[in-house]
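Single-letter residue listing:
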Amino acid sequence: FSFLYFLISIINKKIKKTNKIGIPVICVGNINTGGSGKTPFVIYLANLLKKRKINAHIVSRGYLGKSNDTIKINVKKHSYKDVGDEALLLAKENNTWVSKNRYEGALKATLHGADVIILDDGLQNYSLYQDLKIVIVDGGFGFGNNFLIPAGPLRENIQSGIEKSKILILLDEDKNNIEQKVKKKIAVIKGQTIIKNYKKLKNKKLVAFAGIGRPEKFLNSLEKKKLSILKFFPFPDHYVYKNSDLIKIINYSKKNSAIPVTTLKDKERINENIRKKIHFIDLEIKLKEEKKLYRLLKLEKIV
């Protein structure tokens, strides 16, 4: 089945027509499926450009959202059911469009004043010309067992993903020796995924849960800050929480005088009436070499 997936991806790449839109397009994507830190990095990159007065618009496919139109997200109007949880989170701080047709989404963003397009999760998309490809890799997970879907986590061959990209963002501890394996082929910039707004949780008992790509990564982030985790409930990526799931977690927390905590990304999939009983923790990216990233953006004539 992995070989069949590989053949289909090759055919898709060959037959897809690639279109240009006239402004720079930065693609941020994964070779793996989920859990690498792509969403917080897209937010980081958009904010980096914003600081330099560059109007970046994000274009997402709105994974798991029901909308088939090309729309600019309105966080007061749209829900995760319309546009997906990731796109909704991106839209909290930045101009964000969802479109199943990436070229159409980028074109609309351009017509609405974008200076640069950040294409969220588009490394395997060939409908839109990309001036710069950035691949995100989690140092703790690496490339898993190095097999393609469904035998492993890879969306494409590692070599092809690295060769077509210009920058590799390596997040957290490099337990798989990724930098040594790829540094002669691609510029590597190291960074960390860290948690914000956690200080009031110090010296408190916590019951943590998460429905993200690699929920254990959230648990590790909490443990790094020496927070006291009484119990951890992992859920599948993009899991839509039932009230019964949340009531179980909240009751367990109450019984043990603990605080239920999860990620800001999970918040979008939780009933509004229950949110006030949960503490939401934001994840952010810190790069050790931000100047190097900005220099590479200049070299590629993005900024």
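Residues numbered from 1 in each chain as written. Predicted model: local features only at pLDDT ≥ 70, side-chain atom pairs only at ≥ 80, totals over all residues. Heavy atoms only, no water.

Once that is clear, we can look at the packing of helix H2 (residues 38-51) against helix H12 (residues 290-299). The axes of two packed helices give the description: the angle between them and the distance between them. Running from N to C, H2 and H12 point in directions that differ by 70°, and their axes come no closer than 12 Å. Relative to H12, H2 is oriented roughly perpendicular. Contacts between H2 and H12 involve Phe 41, Tyr 44, Leu 45, Leu 48 and Leu 49 from the first element and Glu 290, Leu 293 and Leu 297 from the second. Partitioning the contact of H2 with H12 into residue classes produces 7 nonpolar, no polar and 1 charged. (Axes fitted to C-alpha atoms, helices over the stretch in contact; angles between N-to-C directions. Helix = DSSP H or I, 4+ residues; strand = E, 2+ residues; numbered from the N terminus. Parallel < 35°, antiparallel > 145°, perpendicular 65-115°, else oblique. Contact = heavy atoms within 4.5 Å. Nonpolar A, V, L, I, M, F, W, Y, C, P; charged D, E, K, R; others polar.)

This structure, assessed with the given rule, holds 7 aromatic pairs. Residues Phe 235 and Tyr 239 carry aromatic rings whose centres are separated by 4.9 Å and whose planes lie at 25° to one another, so their mutual orientation is stacked. In this pair, the class of Phe 235 matches that of Tyr 239, namely buried. Here the aromatic cluster, defined as three or more aromatic residues joined through ring pairs, consists of Phe 209, Phe 235, Tyr 239 and Tyr 241. Looking at Arg 52, its charged tip hangs above the ring of Tyr 294, at a distance of 4.1 Å from the centre. Of note, Lys 231 hangs over the ring of Phe 233, and the distance from its end group to the ring centre comes to 5.5 Å. (Phe/Tyr/Trp six-rings, centres within 6.5 Å; stacked < 30°, edge-to-face > 60°. Buried < 20%, exposed > 50% of the residue type's maximum accessible area, 1.4 Å probe, protein only. Lys NZ or Arg CZ within 6 Å of the ring centre and 35° of its normal.)

For the rest of this paragraph, the subject is the layout of surface pockets. Volume-wise, the largest pocket comes out at about 1,000 Å³. Taken together, the elements giving at least two residues each to the lining of the largest pocket come down to helix H1 (2-15), H2, helix H4 (85-90), helix H8 (215-224) and helix H10 (264-267). When residues of the lining of the largest pocket are assigned to their parent elements, the largest contribution, 7 residues, is made by H1. Looking at side-chain class alone, the lining of the largest pocket contains 14 nonpolar, 18 polar and 14 charged residues. (1 Å grid on protein atoms, 1.4 Å probe; cavity = no way out; pocket = protein on both sides within 12 Å on 5 of 7 lines; lining within 4 Å. Points joined across faces, edges and corners; volume = space filled by probe spheres on them.)

On the basis of which strands lie adjacent, the open sheet formed by 9 strands has the order E3-E4-E2-E5-E1-E6-E7-E8-E13 and mixed pairing. At either margin of the open sheet sits one strand with a lone partner, and together these are strand E3 (71-72) and strand E13 (283-287). (Pairing = 2+ DSSP bridges.)

Attention now goes to the side chain of Asp 266. Here Asp 266 is to be found in helix H10. On the accessibility criterion, Asp 266 (0% relative accessible area) is buried. Here Gly 211 takes part through its backbone nitrogen, which lies 2.7 Å from a polar atom of the side chain of Asp 266. Among residues more than four places away in sequence, those in contact with Asp 266 are Ala 210, Gly 211, Ile 212 and Tyr 241. (Polar contact = N/O pair within 3.5 Å; in protein donor to acceptor, adjacent residues only side chain to side chain.)

Taken as a whole and judged by the stated rule, the model has 2 cavities of 30 Å³ or more. Every residue along the wall of the largest cavity is listed here: Ser 60, Arg 61, Gly 62, Tyr 63, Val 83, Asp 85, Glu 86, Ala 87, Asp 120 and Asp 121. It is H4 that provides the largest number of residues to the lining of the largest cavity, a total of 3 residues. Considering only residue class, the lining of the largest cavity consists of 3 nonpolar, 2 polar and 5 charged. Taken as a whole, the second largest cavity encloses approximately 30 Å³ of empty space. Surrounding the second largest cavity, Ile 31, Asn 32, Ser 36, Ile 136, Val 137, Asp 138, Gly 142 and Phe 143 form its lining. Of the residues that constitute the lining of the second largest cavity, the class distribution is 4 nonpolar, 3 polar and 1 charged.

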